[in-house]
Amino acid sequence: MAHAYTPGLKVTERAVIRKTRRLPLLGEVLVQQGAAVSPDTIVARTNIPGNPQTVNVANSLGVEPEDIADFMKVKTGGSIKKGEVLAEYKSFFGLFKHTVTSPVDGVVEMISTVTGQVTLREPPIPIEVDAYIDGVVEEVLPQEGVIIKTEGAFIQGIFGVGGETQGVIRVAVEGPDDILDEAQVKSDDKGKIIVGGSLVTAAAIKKAGEVGALGIVAGGIIDSDLIEYLGHDIGVAITGHEDVPVTVIITEGFGRMRMAHRTFELLKRLQGFRASINGATQIRAGVMRPEIIVPGYQPQEVAKEQDLSQGLVPGTPLRIIREPYFGQLAEVVDLPPELQVIETEAHVRILRAKLADGTIVTVPRANVEIIEA
Amino acid sequence: MPEEKAAFTLDREINSVLATDCGSTTTKAILIEKVGDEYRLITRGEAPTTVEAPFEDVTAGARNAIREVEELTGRTLLDEKGVITPRRPDGTGVDIYMSTSSAGGGLQMMVAGVVKTMTAESAARAALGAGAIVMDVIAVDDGRKPHEKIQRIRQLRPDMILLSGGIDGGTITHVVEIAELISAAEPKPRLGIGYNLPVIYAGNKDARPHIKNSLSKKVDLRVVDNLRPVLEKEVLGPAREEIHNLFMEHVMAQAPGYNKLMSWTPVPIMPTPGAVGICMQTASKEYDLSVIGVDIGGATTDVFSVFGEFFNRTVSANLGMSYSICNVLLETGVANIMRWIPFDINEGELRNRIRNKMIRPTTIPQTLDDLIIEQAISREALRLAFIHHKSLAVGLRGVHRQRTIGDTFEQTGSGETYIDMMDLGLLIGSGGVLSHAPRRAQAAMMLLDAFQPEGITMLAVDSIFMMPQLGILSTVHPKASMQVFDRDCLIKLGTAIAPTGPSGGAKDGDPCVKVELEVDGKTIVEEVPYGSIKLIKLEDGKKAKAIIHPSRQFDVGKGHGHTLETTVNGGVVGVTIDARGRVFDVPQDKALRNKKLVEWFTAMNLYPEDLLKKYAQV
C-alpha cells in the first residue's frame, strides 16, 4: 500500500462543508435547491408507520382463533379509540358477555384466524430532519433529503459522545495544557460550547449540564470519567445516540492530553461564534469523527492550502498517536523506504521525526497522523 | 464436501487464477499459477477498499490491489473492462477471476424461530454458516413481550431475515405468530431506501399459505425447505443457498460498484466468512482431521469448527482488536487482561491505552510492553469467542439426534457442545495479531492460552489471510485451492502435546509427562513437570516418532497414565510440551503469577531474553 498513511483530523479555518441530510424512509423534501437554511429549518419530512400493538383476542374471549372474525366489533381497516370495544363474545343467550378493549388509538390492521391475534396500528409518527447548519441547499435528493453546503471553520475531534446541537463557543481556559474543571464552568454558560485544554473532568461535565451548556471540547478525558458521565461503559466505537445533556468532543485521546496548539488557537479565534457540533463517532470503514462547524467564519488571512497528495514527505507536520511518544507533535525528517526492525522485533515501515524539543525519534508510519489544515 | 456450491462449473483448464477479497478496510488480491505439477501462490497485492465515499466503487480498490500484482509480476491482468479472462497467448490475463466480499459491513441478518433453543438456534446456525452476522434472534419463548419484539425488529435494519419454526406437519400457530410480528414491524432493509426487505421462510411447510398471507405484501418473501423438517434432523443447505442468492441479488447489488465487479467473474461473489468456512471444511476433509479456525479482526472474531460432518461458524460481532477492543475489556474485565501481563501497570493507564487503540485502530505496538498488552487482550478476545462458539456448536437439543457418523461422537441430544478438544487435530489462527506476531512462538502461545487444546494438536497460522480466496476457489477447483493452502497459506507452527488433568491433587513440579522423540535417528527424552512448558525444536517439514508417557493423573488421549505412540509434525516453532494441565489458569497471587508467566515465556522464547530477565527481577 504505497500511499498508506493516516490522513489525520481536519482543523481548518476555511473549508467548504457539505452535509447530507437524509430521511430514514422515503418522504417529502420541503426545501428547494438554492434555498438558504438555518440549523432549525426543517428540510424533509416523512411519516413512519405507527407503533403496532398485538392483542390476542382469541385468548381473551376464550374462543377458537378461526372464529374471532365473528366477534370483532371493528373490522380490518376500521378505526378505534383507546378503551373502545374491539371484540365481544356473548354466551348463554347473552347472559355472559366477554369483551376486549383497544389498548391504543389506531386502526385494525390485521385479524389473524390462525393465531387469534389482532394487530392494531397506532397513528403514523412524523419524522423531521433539520438542516443542522447554516447554509444553502446545494442538491435535492428526491424523496430522500438534501445536501447542504456552507463555508466556514471546520474542526474534527477524535472521539465524542452526544448528538447534534448548536451553541456559542467560549474558551474557558488559558492554554491548551489547562484542565477544564467545574470551577471553569460559569453559571451563565447556558447555551454555550465550552472549550478546555488538556482534560475535561467528570465534575466539569456535570456542572455544564446543570447550567444548561450544550457542548464541551477538550484534548482528553479520563476513561472512568466518561463512564461516570454516561452511566455505562462503551464497548464498541459507535456513539452519538447517547441521551446526554452535553455533547462532549475530545480532540486528542483518552487520558490527560494537551490539545494541539493549532486546534486550541483556532477555537480561541472562534470564541463568540455560533457553532454546530456533533459528537457522533464511528470508527470503522466509513469513519465518522465528531465535528465542530462554524458556518460563515471569515479568517483574516487564509492559510495556504496544504498539499497532501504526496502523503508524508520531509517537513510534514504530524502527531504521534501511540506510545512511547503518544500525543507529541513532530515533523517528518526522513522516510527510509526499506522495512526496519523496531523494539517489538516487527519489521515495519518507519519514519524519523523531530519532536518539539529537537529530539529525533523513530516511529512506525502506522503510528502517526498528519496534522491537516 | 461443503454444502455451498458456486453455480459455476469449469469449462476449461485452469492454469492461472486471480482472486480478490474485498474486506471492510483492505482489498487483497492473490495470483495463483500452476508451476510444474502443482498450484502455487505467485504474489499478492493489496489496497484500501473503496466502497465508501469519496470513491463509492468497490472495483477501484480491486483494480488497485490487482495493479500491485501487475507491478510485481510485470504482467497485464486488467483492461478497461475489468480482469482479462481467459489468459491470452501473449501472457496477458488469467484463466479465471473470482472474489469474496465483506465490505460495507458484510452480511447482517436477523433470524427468527419458534423455540429459542431449537428452530431459532438452527436458523442462527444456517445464517452464521452462510457468513452472516446475526444481529438478533427472535423466538416465541425468548422472554420478550410481543411489543418488545416488534420494537426490536423495527430498530434493526438487517440485510435480510431468516424465519423458521415448526416441523413439517406440526402446529402452525407459533410460526405464524412470529410472521405476524414481523409483518406488524414492517422492517426495512439496511441498504436501498424504498426496497422491500428479503425474508426467507424455512419453516413448517403447512404454514406457507398463512406466512404468504401475512408477509408477501410487505416484504420480499422467499420460501425454501424447512430447516427442521423433523425434530431429529437439521437441513441447513437450502436456507444457506438462498441466503447466498439474496446476498448477491440484494446486498451486493445495492453496494457501490458491485454490479461491475460481478460482471468480471463467472463465479458468484461469496461473503468472506462463508468462503473461509468452505476452506476449513475442505481442509478438514483433505487432512482427515478435526479443525478449529479463528480469525480475529478489528471488529469481530470468527470461529469455525469442523468435527466429522459437523461444521459450525460463530461470529462474535463485538470482540476484536481495534474497533471493538473496548468491548473485550468490558466483557472480560481488566483483571483478566492483566493476568497475562508480567509487569506492573496501573489499571487506569491500561484502560486509557485500550481506549486509545479503539479510536486510532490502525496503530501498531512500538514497545515490547505495548506488544505484550496487545497480546494479552487478544488472549481474552480469543477465549471469549471460543466460549461463544462452544455454546452454539451443540447437538440438536431436546431430541435424540440421528447418529449419522457411527459412534465417533457421544450422543449430544442434551445440547452439549460436540467440540472435543482431545479430538482436535488442527488449530488455525488468523488475523493481524496472530499472523503478524513478530515471533511465531507468540502466536502459538496465544492459541495455547486461549483455546487450551488437549492431547496432540497441530498449530498453524494463516500467513497472509488468503483463506477467503482459497475457499471460493475450492468451489470450482478444490485441488488448486488445497495445494496453495498447504504450501503457501498455512505456516505450520508445530505440534502441541498437552496432557489433561490432573485428576487428583497434583502440585506444581510433580511429574506430569515424559516425551521421547525420535528425530533424525536420535532420541530426545524430556520429562516435563506439572505447571511447566518445554519447547523442542523440530523444523517445519520434519516428522518425529513420539512416545508419550503421561503420569497417572494425566491423559494424552489413551486414558490416565496410558502411553500414546504417535507421529508429531514439526513447524517454525517446534514441539511444545504444555504440562500446565487442562483446564489451567494462571495463579491468583500476583508475584507468583508474574514468576510463572516469565517462566513460561522464557521456555517458549517468546520475547527477548533481556526483557524477560528484567521482568523476573521486578
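Residues numbered from 1 in each chain as written. Chains lettered and ligands numbered in written order. Predicted model: local features only at pLDDT ≥ 70, side-chain atom pairs only at ≥ 80, totals over all residues. Heavy atoms only, no water.

Caption draft 1: Representation of the overall build of chain A in the model. In terms of regular secondary structure, chain A is built from 4 helices and 29 strands. Relative to the compact-globule value of 21 Å for 373 residues, chain A shows a C-alpha radius of gyration of 28 Å, a clear excess of over 25%. If one aligns the C-alpha atoms of chain A with their principal axes, the spans along those axes are about 100 × 50 × 45 Å. Here chain A holds 373 residues, and the buried ones make up 53% of them. Counting contacts in chain A only where the partners sit at least 6 residues apart, residues at least 24 apart contribute 64% of the total. Just so you have it, chain A exposes about 16,800 Å², and 50% of that area is on carbon and sulfur atoms. Placing the 36 positive and 49 negative side-chain charges of chain A at their respective mean positions leaves the two points 3 Å apart. (Helix = DSSP H or I, 4+ residues; strand = E, 2+ residues; numbered from the N terminus. Rg over C-alpha atoms; globule rule 2.2 N^0.38 Å. Buried < 20%, exposed > 50% of the residue type's maximum accessible area, 1.4 Å probe, protein only. Contact = heavy atoms within 4.5 Å. Areas by Shrake-Rupley, 256 points an atom, 1.4 Å probe, with all protein chains shown as cover. Lys, Arg positive; Asp, Glu negative; His and termini not counted. Charge placed at Lys NZ, Arg CZ, Asp CG, Glu CD.)

Caption draft 2: Molecular detail of the packing of helix α4 (residues 173-185) of chain B against helix α5 (residues 208-215) of chain B. Residues and elements named next belong to chain B. Viewed as axis vectors pointing N to C, α4 and α5 meet at an angle of 15°, and their least axial separation amounts to 9 Å. Judged by the angle between their axes, α4 and α5 are roughly parallel. The interaxial crossing formed by α4 with α5 has right-handed handedness. On the side of α4, the interface is formed by Val175, Val176, Ala179, Glu180, Ile182 and Ser183, while α5 contributes His210, Ile211, Ser214 and Leu215. Looking at the contact of α4 with α5, its residues break down into 6 nonpolar, 3 polar and 1 charged. (Axes fitted to C-alpha atoms, helices over the stretch in contact; angles between N-to-C directions. Parallel < 35°, antiparallel > 145°, perpendicular 65-115°, else oblique. Left-handed = near helix turned anticlockwise from the far one by under 90°. Nonpolar A, V, L, I, M, F, W, Y, C, P; charged D, E, K, R; others polar.)

Caption draft 3: Structural context of the nonpolar core. Ranked by size, the top nonpolar core spans 102 residues in total, and within it Phe159(A), Val200(A), Ile216(A), Ile292(B), Leu434(B), Phe451(B) and Tyr607(B) carry the most contacts. Per-element tally for this core: the top contributor is helix α12 (residues 368-392) of chain B, with 11 residues. Apart from the residues within four sequence positions on either side, Phe159(A) is in contact with Leu226(A), Ile234(A), Thr239(A), Val248(A), Ile249(A), Ile250(A), Phe254(A), Thr281(A), Pro290(A), Met358(B) and Ile359(B). In terms of nonpolar packing, the next biggest core, distinct from the first, is built from 46 residues, Leu18(B), Ala62(B), Ala127(B) and Leu246(B) among them. (Core = buried A, V, L, I, M, F, W, Y, C linked by side-chain atoms within 4.5 Å.)

Caption draft 4: Quick look at the interface of chain A and chain B. The partner chain B presents 59 residues to the 63 residues of chain A that form the contact. Of the roughly 5,200 Å² buried between chain A and chain B, counting both surfaces, carbon and sulfur atoms make up 55%. Here chain A is connected to chain B by 11 salt bridges. Arg322(A) is the partner of Glu374(B) in a salt bridge, and the nearest nitrogen-oxygen pair spans 2.7 Å. At the surface where chain A touches chain B, the tally comes to 26 residue pairs in polar contact (both at pLDDT 80 or more). Of all the secondary structure elements, the ones that give two or more residues to the side of chain A that touches chain B are β5 (52-56), β9 (106-111), β10 (117-121), α3 (223-230), β20 (247-254) and β28 (360-364) of chain A. Per-element accounting of the side of chain A that touches chain B gives the leading share, 4 residues, to β20(A). Tallied by class, residues from the side of chain A that touches chain B come to 33 nonpolar, 16 polar and 14 charged. (Buried area = accessible area lost by both parts, 1.4 Å probe. Salt bridge = Lys/Arg side-chain N within 4 Å of Asp/Glu carboxyl O. Polar contact = N/O pair within 3.5 Å; in protein donor to acceptor, adjacent residues only side chain to side chain.)

Caption draft 5: Structural detail: the confidence of the model for chain A. All names here are of chain A. In the predicted model, chain A carries a mean pLDDT of 90, and 94% of its residues have values of at least 70. Mean pLDDT in chain A bottoms out at strand β29 (residues 368-370), which sits at 86, and peaks at strand β17 (residues 192-195), which reaches 98. In this model residues 1-5 is a low-confidence stretch, pLDDT under 50, and it forms 11 contacts with partners more than four residues away in sequence or in other chains. (pLDDT = per-residue confidence, 0-100.)

Caption draft 6: Structural context of the pairing of β9(A). Residue and element names in this part refer to chain A. Both strand β6 (residues 79-80) and β9 contribute to a ladder of 2 bridges, which runs antiparallel. Looking across to β9, one finds that Ser79 is bridged to Val107. By the bridge criterion, 4 bridges tie β9 to β10 in an arrangement that is antiparallel. By the bridge assignment for β10, Val108 is matched with Leu120. Here β9 folds back onto β10, and the loop between the two strands holds 5 residues, one of which, Gly116, carries a positive phi near 80°. (Pairing = 2+ DSSP bridges.)

Caption draft 7: Molecular detail of the sheet that holds β9(A). Strands sit in the order β5-β10-β9-β6 (chain A) across an open sheet of 4 strands; the sheet is antiparallel. Two strands in the sheet have a free side with no partner beyond their single neighbour: β5 and β6 of chain A. The sheet contacts of α4(B) involve β5, β9 and β10 of chain A, and relative to β10(A) the element is tilted by about 10°.

Caption draft 8: The arrangement of helix α1 (residues 58-73) of chain B in detail. All names here are of chain B. For α1, built from 16 residues, the straight-helix expectation of 22 Å at 1.5 Å per residue is met to within 8% by its first-to-last C-alpha distance of 23 Å. Of the residues making up α1, those classed as buried are Val58, Thr59, Gly61, Ala62, Arg63, Ala65, Ile66, Val69 and Glu70. Just downstream of α1 lies Gly74, where phi reads positive at about 70°. (Expected span 1.5 Å × (residues − 1).)

Caption draft 9: A nonpolar patch on the surface, seen in detail. Residue and element names in this part refer to chain A. A contiguous nonpolar patch, built from Phe92, Phe93, Leu95 and Phe96 and spanning about 590 Å² of accessible area, is present on the exposed surface. Along the chain, the position of Phe93 falls in the loop between β7 (85-91) and β8 (96-101). Looking at Phe93, the relative accessible area reads 88%, which means it is exposed. (Patch = residues over 30% accessible without salt bridge, like charges linked within 9 Å, V, L, I, M, F, W, Y side chains within 5 Å.)

Caption draft 10: Main features of the confidence of the model for chain B. The pLDDT averaged across chain B works out to 89; a share of 94% of its residues lies at or above 70. Contacts from residues 401-414 of chain B, a stretch scored under 50 in pLDDT, to residues over four places away or in other chains number 27 contacts.

Caption draft 11: A look at the pattern of salt bridges. Under the definition given, this model contains 67 salt bridges over all chains. Salt-bridge contacts for Glu374(B) lead to Lys357(B); the nearest nitrogen and oxygen are separated by 3.4 Å. Here the residue Glu374(B) occupies a position in helix α12, and Lys357(B) occupies one in helix α11 (residues 347-359), the gap between them amounting to 17 residues. Accessibility expressed as a relative area gives 11% for Glu374(B), which makes it buried. In this structure, the salt-bridge partner of Arg379(B) is Asp449(B), at a minimum N-O distance of 2.7 Å. With Arg379(B) in helix α12 and Asp449(B) in helix α14 (residues 440-451), this pair connects stretches of sequence that are 70 residues apart. Each of Arg322(A), Glu323(A), Glu349(B), Arg353(B), Lys357(B), Asp370(B) and Glu374(B) takes part in one network of salt bridges that share partners.

Caption draft 12: Examining the environment of Ala356(A) more closely. Within the fold, Ala356(A) resides in the loop between β27 (350-355) and β28. Residue classification places Ala356(A) among the exposed residues on the basis of a relative accessible area of 77%.

Caption draft 13: Structural context of the domain arrangement of chain B. Residue and element names in this part refer to chain B. By domain assignment, chain B separates into domain 1 (16-103), domain 2 (106-259), domain 3 (270-399 + 413-495) and domain 4 (499-585). Domain 1 and domain 2 are separated by 35 Å when their C-alpha centres are compared. Each partner contributes residues to the interface: domain 1 has 9 residues there, and domain 2 has 6 residues. Each partner contributes to the roughly 550 Å² buried at the junction of domain 1 and domain 2, and carbon and sulfur atoms together form 57% of this total. Of all residues in domain 1, Val51, Val58 and Ser101 bury the most surface against domain 2, accounting for 57% of the area lost on that side. Scanning the region where domain 1 abuts domain 2 turns up 0 salt bridges. Where domain 1 meets domain 2, there are 2 residue pairs in polar contact (both at pLDDT 80 or more). In terms of residue class, the side of domain 1 that touches domain 2 is made up of 4 nonpolar, 3 polar and 2 charged. (Domains from an automatic or database assignment.)

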